[in-house]
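Per-entry structural report
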Amino acid sequence: MSTSDRLCVTPPLEDEKIKITRPDTIAAGIPAVVSAMQHVFREMKLRQCVSTLFSVNQMEGFDCPGCAWPDPDDHRSSLGEYCENGAKAIAEEATSKRVEPDFFAKHSIYELSQWSDYKLGKSGRLTHPMILEAGQEHYQPISWEAAFQRIAQELNGLAHPDEAIFYTSGRTSNEAAFMYQLFVRQFGTNNLPDCSNMCHESSGTALSQTVGIGKGSVRLEDFYLTDLIIVIGQNPGTNHPRMLTALQKAKRAGAKIISINPLPEAGLERFRNPQEISGLLGSSTPLNDLFLQVTINGDVPLLKAIMCLLLEAERQQAGSVFDRDFIDAHTDGYDALIADLEQQDVEALAQASGVSLAEIRKAVEMILAGPKMIVCWAMGLTQHRNGVQNIREVVNLLLLRGSIGKPGAGTCPVRGHSNVQGDRTMGIWEKPKPAFLDKLAANFDFSPPREHGHDTVGAIEAMANGQGKVFFAMGGNFLSATPDTEYTARALQNCNLTVQVSTKLNRSHLVTGKTAIILPCLGRTERDQQASGPQFVSVENSMGVVHASRGGLPPASPQLLSEPAIIASLAQATLKKRSKVPWQKWIDNYDLIRDAIEQSIPGFERYNERVRNHGGFYLPNGARDGAFHTQNGKANFTLNPVPKHDIKDGELIMMTIRSHDQFNTTIYGLDDRYRGIFNGRRVILMHTSDIQAQGFRPGDYVDLTSEYDGQIRRAPKFMIVKYPIARGCVATYFPEANVLVPLQHYAEKSRTPVSKHVRIRLEKS
Ligand SMILES: Nc1nc2c(c(=O)[nH]1)N[C@H]1C(S)=C(S)[C@@H](COP(=O)(O)OP(=O)(O)OC[C@H]3O[C@@H](n4cnc5c(=O)[nH]c(N)nc54)[C@H](O)[C@@H]3O)O[C@H]1N2
Ligand SMILES: Nc1nc2c(c(=O)[nH]1)N[C@H]1C(S)=C(S)[C@@H](COP(=O)(O)OP(=O)(O)OC[C@H]3O[C@@H](n4cnc5c(=O)[nH]c(N)nc54)[C@H](O)[C@@H]3O)O[C@H]1N2
Ligand SMILES: [Mo]
């Protein structure tokens, strides 16, 4: 379906007056504060702004609904542990604008689908449960009770529970996530795809196999003890701005930083800390000591080249480079790795990586300068066909240096959504471990389904071929976040019922199953009042700290229910006497949910007591302590071949990335300040020589096509922007370019879509 049809399934084309300036080389500082304040004051009343911004990420406050970067265990800035993009996330949720029933009476879904994602989001907070009856064009109000009955009826009418799919986005609290997976399993399915499938699934898969835990191993303190931080495939200046403060502190403590990226990202060049007076006055800290401009997906050859050169140095002086004691005592597969490295041709590796051997030698020198190293990464490594291998190669490097399981060293996959890690800990997973299911069976007296469920790709396929009939989403924007938008739209439209638990309007509310329901819920910033008094929820950050989050604002509407309350009501309506869980009691007092979590999941001993401690508590982490809970009890070296790409003449490699003014599919604004792109999003960043070679000029408009398995996908009208990106590589924004990402191409083993590696061609628009 194209944008000219009645229902627009992709972000519509608009007349954008795009302005281009030189990319920034300094992140944050005054412009960040100004930008944050503009967003906040546009959305919120002044009185609320001040108290809300001051309580973000404070010990007694709420967890920032932005990213999952951890808060300092001890000292927290009195300004609020705040950052520009955190402030935007808060303004987005705490907006004073409302989407009430008369909004839907006025605007049909067809009309709304012609609105940009930006305009949809800016309409305000959803206030009432709404239903779109089959064949209708307008949502109408429905009572909560009637909504739960309709969903229950549809679910109970299915031939098999596996015909229902239950998606989760990563903002859901631990309490809501635990209840949700329990309800879904009591209903009878493991169809629990989540945003993690599109995000750090490759990290979880690789780390579980190699070091025995699918999470990172470092704490924030390790940044201040380390010799070297490698930031690879990640753009912290935009996506984890508070990480820049940690990098600055690390540098002041003597660490060096290498960044590896096809783009020179401003956030890694220099940083003005907006929380320091000197930063506001203009003094900036250089962060990067070395920038390696790798080609898209050139990371395996680059890391291999580094290891080959390390091996060379080790050969010159045995024991001086590799940590043999650690390797002998704690690892498996060393000899095979060395044999593999010996087969490699370093020149060819450098060539494949796009980085010169001279630059790679500089990196090797920096690695050799100290024994402790941390590697941080995000979507630049995970969203590739060889995403799992990318991360296993990172682990190989750390293991050779014995740089894990000790202070100042280890793995740091930087998580995306603020509780995506906690949701997985709570059992949101389509492939649950038998031991976890055994616990649920014993504690809640039922037989959980044992067969694995659908992940995100599997869920889209199931809906497309008619096996998935009910789609329920706990948050998120499934249509726009997943690949192959037009195919996914048809899959969703194939369902009998789609239900979205949401705070804000998005395209998934408009492109729906035959019947659609919106259940509006409380956000992080809001007070959650239940029978026993005000409640708090808890979340787990990127470094495995579980802590409380308490909202302080009055709810956006008196109609809103909390996510736990929605799940409890739905579970009661659907399962009736089939469930022995005291759903209502859990809602009256969330401590009882936490007691149930404590009984079911290791690491949550004395949950209610410890979550009330300042700053919360750390979950156990074997890799952090040097204990590798893999099948063989060792940390495992792995062999990861250099990926081969069949790039045809004229094709470019496209990565889909985030602008500075978005949170995934939520568009805060139309600027990408650090990259010097203003007032528009349909741009394609290209190297000047590629622009020339393709016969275009900066400012020209092109249509993008991708061809996979004989099918051509098309995204019209992108403006060419000259940018210092690696040659042969281009960048566009997600979700505008998602139509080009083929559903059937995903990472081996983790099935994460290849959103950072799409072969495309350009045509004059
Ligand atoms: N403000 C804001 N914060 C966010 C989000 C947001 O949208 N907005 N999203 C949240 C979520 S869910 C997530 S997962 C994270 C995402 O955080 P990031 O992973 O930082 O986000 P991306 O924009 O996808 O950027 C990926 C980076 O990888 C680089 N890259 C792409 N391909 C390759 C490659 O092949 N090799 C290497 N070495 N680098 C590559 C890109 O140039 C880019 O700098 O951020 C979270 N925080
Ligand atoms: N091409 C391409 N595609 C990608 C990516 C990419 O880099 N490139 N990145 C992928 C990644 S890393 C991720 S994590 C996914 C993200 O996928 P999702 O998590 O599905 O998408 P979001 O845009 O984060 O979801 C935003 C919606 O969540 C709802 N929401 C916000 N707060 C709350 C809340 O507190 N409760 C509830 N119930 N709802 C809430 C709002 O209605 C909002 O419209 O996208 C993936 N898709
Ligand atoms: Mo993510």
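Note that the structure is a prediction, hence the values are computed from the model and not measured.

What counts as what
Residues numbered from 1 in each chain as written. Chains lettered and ligands numbered in written order. Predicted model: local features only at pLDDT ≥ 70, side-chain atom pairs only at ≥ 80, totals over all residues. Heavy atoms only, no water. Helix = DSSP H or I, 4+ residues; strand = E, 2+ residues; numbered from the N terminus. Rg over C-alpha atoms; globule rule 2.2 N^0.38 Å. Buried < 20%, exposed > 50% of the residue type's maximum accessible area, 1.4 Å probe, protein only. Contact = heavy atoms within 4.5 Å. Areas by Shrake-Rupley, 256 points an atom, 1.4 Å probe, with all protein chains shown as cover. Lys, Arg positive; Asp, Glu negative; His and termini not counted. Charge placed at Lys NZ, Arg CZ, Asp CG, Glu CD. Salt bridge = Lys/Arg side-chain N within 4 Å of Asp/Glu carboxyl O. Expected span 1.5 Å × (residues − 1). Arc of directions from axis to C-beta. Near = heavy atom within 4 Å. Polar contact = N/O pair within 3.5 Å; in protein donor to acceptor, adjacent residues only side chain to side chain. Nonpolar A, V, L, I, M, F, W, Y, C, P; charged D, E, K, R; others polar. Pairing = 2+ DSSP bridges. Axes fitted to C-alpha atoms, helices over the stretch in contact; angles between N-to-C directions. Core = buried A, V, L, I, M, F, W, Y, C linked by side-chain atoms within 4.5 Å. Domains from an automatic or database assignment. Buried area = accessible area lost by both parts, 1.4 Å probe. Phe/Tyr/Trp six-rings, centres within 6.5 Å; stacked < 30°, edge-to-face > 60°.

**With respect to the overall build of the chain**
What the chain contains, in helices and strands, is 31 helices and 33 strands. Taking 27 Å as the expected radius of gyration for a compact globule of 765 residues, we find that the chain reaches 25 Å, a close match to that expectation. Once the C-alpha set of the chain is aligned to its principal axes, its extents read approximately 75 × 60 × 55 Å. When each of the 765 residues of the chain is scored for burial, the buried share is 64%. Here the contacts in the chain between residues at least 6 apart in sequence split such that 80% fall between residues at least 24 apart. Accessible surface computed for the chain: about 26900 Å², of which carbon and sulfur atoms make up 51%. The positive charge centre, built from 81 side chains, and the negative charge centre, built from 84, are 3 Å apart in the chain.

**Remarks on the pattern of salt bridges**
Tallied over the full model, the rule gives 40 salt bridges. The salt bridge partner of glutamate 651 is arginine 759, with a shortest N-O separation of 3.5 Å. Of this pair, glutamate 651 sits in the loop between β24 (635-636) and β25 (652-657) while arginine 759 sits in strand β33 (residues 758-764), and the two are 108 residues apart along the sequence. Salt-bridge contacts for arginine 681 lead to glutamate 736; the nearest nitrogen and oxygen are separated by 2.8 Å. Separated by 55 residues along the polypeptide, arginine 681 in the loop between β28 (677-678) and β29 (683-686) and glutamate 736 in the loop between β32 (729-733) and β33 bring together distant segments of the chain. Assigned by exposure class, arginine 681 and glutamate 736 land together as buried. Salt bridges linked by common partners bring Glu43, Glu92, Lys97, Lys122 and Lys504 together as one network.

**Comments concerning helix α7 (residues 144-156)**
With 13 residues, α7 extends 18 Å from end C-alpha to end C-alpha; this agrees with the ideal 18 Å at 1.5 Å per step. Within the sequence span of α7, burial applies to Trp144, Ala147, Phe148, Ile151, Ala152 and Leu155. Buried residues of α7, viewed axially, fall in a sector of 130°; they line one side. Exposed residues pointing more than 90 degrees away from the buried face of α7 are listed as Glu145 and Gln153.

**So, the site of ligand 1**
Around ligand 1 there are 32 residues in total, and Asn261, Glu265, Asn297, Gln662 and Asn664 lie nearest to it. Within the backbone of asparagine 235, an N or O atom sits 2.8 Å from an oxygen atom of ligand 1. Those elements that place two or more of their residues in the shell around ligand 1 are α10 (236-239), α19 (379-382), β25 and β26 (662-663). When its residues are assigned to classes, the shell around ligand 1 shows 13 nonpolar, 15 polar and 4 charged.

**As for the site of ligand 2**
Within the structure, ligand 2 sits among 30 residues, and Tyr167, Ser169, Ala481, Glu563 and Thr665 are positioned closest to it. One nitrogen or oxygen atom from the side chain of serine 169 is found 2.6 Å from an oxygen atom belonging to ligand 2. In the model, an oxygen atom of ligand 2 is placed 2.9 Å from a nitrogen or oxygen of the histidine 417 side chain. Protein contact buries 96% of the 930 Å² of open area that ligand 2 shows by itself. Of the residues assigned to the shell around ligand 2, the class counts are 10 nonpolar, 15 polar and 5 charged.

**Some words on the sheet that holds strand β23 (residues 617-618)**
Strand order in the open sheet formed by 3 strands is β21-β22-β23, with antiparallel pairing between adjacent strands. Taken across any chain shown, the strands that pair with only one partner, and hence form the sheet edges, are β21 (537-540) and β23. As paired strands, strand β22 (residues 545-549) and β23 are joined by 2 bridges and run antiparallel to one another. Bridged to valine 545 within β23 is tyrosine 618. Against the sheet, helix α8 (residues 174-187) makes contact with β21 and β22, and its axis sits at roughly 90° relative to β21, the strand it touches most.

**Some thoughts on the pairing of β21**
The alternating pattern of β21 places Val537 and Val539 on one face and Ser538 and Glu540 on the opposite face, and all of these are buried. Pairing geometry for β21 and β22, over 4 bridges, is antiparallel. Its bridge partner being in β22, serine 538 is matched across the sheet by alanine 548. With antiparallel pairing between neighbouring strands as the criterion, β21 and β22 make up a hairpin whose turn holds 4 residues, including glycine 544 at a positive phi of roughly 75°.

**Description of the sheet that holds strand β11 (residues 285-286)**
The strand order across the open sheet formed by 3 strands is β2-β10-β11, and the pairing between neighbours is mixed. Among the strands making up the open sheet, the edge pair consists of β2 (26-28) and β11. With 2 bridges connecting them, strand β10 (residues 270-272) and β11 associate as antiparallel partners. Each residue of the ladder has a partner; that of phenylalanine 271, found in β11, is threonine 285.

**Brief notes about the nonpolar core**
In globular proteins that are soluble, nonpolar side chains generally tend to be buried together. By size, the foremost hydrophobic cluster in this structure holds 63 residues, and its most contacted members are Phe166, Phe178, Phe183, Phe472, Leu519, Trp583 and Trp586. Broken down by element, this core gets its largest block of residues, 9 residues, from α8. Among residues more than four places away in sequence, those in contact with phenylalanine 183 are Leu155, Phe166, Ile567, Leu570, Ala571, Thr574, Leu575 and Trp583.

**Regarding the pairing of strand β7 (residues 164-168)**
The element β7 is largely enclosed, with a buried count of 5 among its 5 residues. Going residue by residue along β7, you find Ala164, Phe166 and Thr168 tucked away on one face and Ile165 and Tyr167 tucked away on the opposite face as well. Of the strand pairs in this sheet, β7 and strand β16 (residues 470-474) are connected by 5 bridges, and their pairing is parallel. Across the sheet, the residue bridging to isoleucine 165 is phenylalanine 471, located in β16.

**Let's talk about the domain arrangement of the chain**
Quoted interface sizes are often the accessible area lost when the parts come together. Taken domain by domain, the chain holds domain 1 (97-196 + 420-611) and domain 2 (201-413). A C-alpha centroid distance of 36 Å is found between domain 1 and domain 2. Between domain 1 and domain 2, the residue contacts involve 9 residues of the former and 8 residues of the latter. When domain 1 packs against domain 2, the two sides together hide about 620 Å² of surface, and 41% of this comes from carbon and sulfur. If you look at where domain 1 meets domain 2, you find 2 salt bridges. Here glutamate 201 makes a salt bridge to arginine 424, at a shortest N to O gap of 2.9 Å. For the pair domain 1 and domain 2, the number of links is 5 residue pairs in polar contact (both at pLDDT 80 or more). With 3 residues, helix α21 (residues 420-425) is the single largest residue contributor to the side of domain 1 that touches domain 2.

**Brief notes about the packing of aromatic side chains**
Counted according to the given criterion, the structure contains 24 aromatic pairs. On the numbers, 6.4 Å between centres and 40° between planes, the contact of phenylalanine 178 with tryptophan 586 is tilted. Here phenylalanine 178 is found in helix α8, whereas its partner tryptophan 586 is found in helix α27 (residues 583-588), with 408 residues between them in sequence. Each member of the pair, phenylalanine 178 as well as tryptophan 586, is classed as buried. For the pair phenylalanine 471 and phenylalanine 478, a centre-to-centre distance of 4.7 Å together with 50° between the ring planes defines the contact as tilted.

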